[in-house]
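Structure assessment
Now for the letters of each chain:
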Amino acid sequence: MKVVVIGGGIIGCLTACFLKQRGVDVIVLERGKTGQEASLAGAGILCPIHPWFYPDSFSHLINASLAMYTEFRAQLEADTGMSIEWQKSGLLIPFFDDDTSNHWQKAVDWSARFGWHIEQLDTMQTLQLEPTLSPQLRRSLRWPEVAQLRNPRLLQAVRCWMQQLDVELHEHCEVTSLLSNQGTVSGVQCADGQGFESDQVLLASGSWSGELAAQLGFDLPIKPVKGQIVLLKGKSGLMKSIIKHDDAYFVPRADGRVLIGASMEFVGFERGNTEQITNQLMASMLKIAPGLKTATVERQWMGFRPGSPDGLPYLGEVSSMRGLWVASGHYRNGVALAPITAKVMTAKILGEPVDVDCSDFSVGRLTSESSTLGFPPR
Ligand SMILES: Cc1cc2nc3c(=O)[nH]c(=O)nc-3n(C[C@H](O)[C@H](O)[C@H](O)COP(=O)(O)OP(=O)(O)OC[C@H]3O[C@@H](n4cnc5c(N)ncnc54)[C@H](O)[C@@H]3O)c2cc1C
């Protein structure tokens, strides 16, 4: 069997590796260079922002993916000799008197239902653990098992793994149309005139999947949701846990760097960081973690999350075209969901049974926009 994967982000690359491990002949076609878009920009938090807002099917999918990380990471690091800097730093949400949304009870209930160990801390306990946080906080919740990884390291390692597995990769190769024969896919055509024949095609082109789907003749409501990030350089150990409050989060790396993210902007494919968002992120730092003000701003970047109206990914076949598959729309959770996506799509493409319920993630499902999970207001 021959499969063409369109898009060299974490979703396309990892699925290509899983397919190749099963003996499939895979070609990855990437418009630019692999791993340069959302997958590089992300914060690497291996936990959804507010998992209690999602349907149960999503929590099961996340749990299945995170359970795969231990073995997947061990194999990736052993095979490539590269570290992805996965670390169990834990995740903490502080609560303040003037919070407009109260996640406390929802978070506690969700954690009990889905088996996530949680600690409830008062002000003193929280500040002892995380002295950079504001003394204005009233209490906090902490998930000690939550892990993070460093996206550039993950992408480098996966790229190396692709080479080792002998996955055929064509960079600077933009797919523009589909080749088909009587309702069955037969390959793709690229902007430079090259054609690639295949039995199956997997659309994994992140935020560009919606536009490309329209070119390929079907509807896929994926749109870019821009996220800007500021990177601070501080003393190592300044912050230990990932800290999250509403949409703001702080991710401490082992070397003392702390990443502050991230905006949620519905501005199309408008690239670049803006002063307004940088100021907003720094203001959230002063409110939530003022002890970080000794750190200096080192760098900023941004990326486009592949947003879907209901916040859920699309994992499945396109009903109007046999052999055309979609793995896209992972929105804020693509790195956390990458292993299970690769596993599920490999099984589906090979025609094998899938051991997670994917009915909520079907392509062509009727979606209503969710104000908590879907596209942000323009
Ligand atoms: C600021 C920010 C913070 C985030 N934080 C987290 C987090 O903490 N945890 C988490 O799990 N997720 C996080 N995410 C989300 C996560 O990064 C994404 O869901 C994930 O990277 C999506 O991967 P992808 O492979 O689908 O898309 P991408 O990485 O965008 O890859 C898609 C690729 O397709 C290529 N392409 C597009 N069109 C074509 C074409 N026509 N032909 C060939 N190639 C094409 C593109 O060039 C690109 O390389 C974050 C995202 C952002 C932006």
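Residues numbered from 1 in each chain as written. Predicted model: local features only at pLDDT ≥ 70, side-chain atom pairs only at ≥ 80, totals over all residues. Heavy atoms only, no water.

With respect to the domain arrangement of the protein
- Segmenting the protein into domains produces domain 1 (2-81 + 151-222 + 309-361) and domain 2 (91-145 + 224-306).
- Both faces considered, domain 1 and domain 2 share a buried interface measuring about 2,600 Å² in area, 63% of it formed by carbon and sulfur atoms.
- The largest share of the area that domain 1 buries against domain 2 comes from Trp52, Tyr331 and Arg332, three residues that together contribute 26% of it.
- Our count for the domain 1 to domain 2 interface comes out at three salt bridges.
- Between arginine 332 and aspartate 247 there is a salt bridge; the shortest N-O distance is 3.1 Å.
- Across the domain 1-domain 2 interface, the total number found is 14 residue pairs in polar contact (both at pLDDT 80 or more). (Domains from an automatic or database assignment. Buried area = accessible area lost by both parts, 1.4 Å probe. Salt bridge = Lys/Arg side-chain N within 4 Å of Asp/Glu carboxyl O. Polar contact = N/O pair within 3.5 Å; in protein donor to acceptor, adjacent residues only side chain to side chain.)

Considerations on the sheet that holds strand β16 (residues 314-317)
- Ordered in space as β6-β2-β1-β10-β17-β16, the six strands form an open sheet in which the pairing is mixed. Each end of this open sheet is capped by a strand with a single partner; those strands are β6 (168-170) and β16. Taken pair by pair, the neighbouring strands of this sheet meet at an average axis angle of 15°, ignoring direction.
- The sheet contact formed by strand β1 (residues 2-6) and strand β2 (residues 25-29) spans five bridges and is parallel. Looking across to β2, one finds that valine 4 is bridged to isoleucine 27.
- Strand contacts of helix α1 (residues 10-21): β1, β2, β10 (200-203) and β17 (324-328), with the helix running at about 165° to β2, the strand carrying the most contacts.
- The strands touched by helix α9 (residues 338-350) within the sheet are β1, β10, β16 and β17, with β17 carrying the most contacts at an inclination of about 170°. (Pairing = 2+ DSSP bridges. Helix = DSSP H or I, 4+ residues; strand = E, 2+ residues; numbered from the N terminus. Axes fitted to C-alpha atoms, helices over the stretch in contact; angles between N-to-C directions. Contact = heavy atoms within 4.5 Å.)

A few points about the packing of helix α3 (residues 56-80) against α9
- One can describe the packing of α3 onto α9 by two numbers: an axis separation of 7 Å at closest approach and a directional angle of 95°. Here α3 lies roughly perpendicular to α9, going by the angle between them. Contacts between α3 and α9 involve Leu61, Ala64, Ser65, Met68, Tyr69 and Phe72 from the former and Ala338, Pro339, Ile340 and Lys343 from the latter.
- Residues belonging to the contact of α3 with α9 are distributed by class as follows: eight nonpolar, one polar and one charged. (Parallel < 35°, antiparallel > 145°, perpendicular 65-115°, else oblique. Nonpolar A, V, L, I, M, F, W, Y, C, P; charged D, E, K, R; others polar.)

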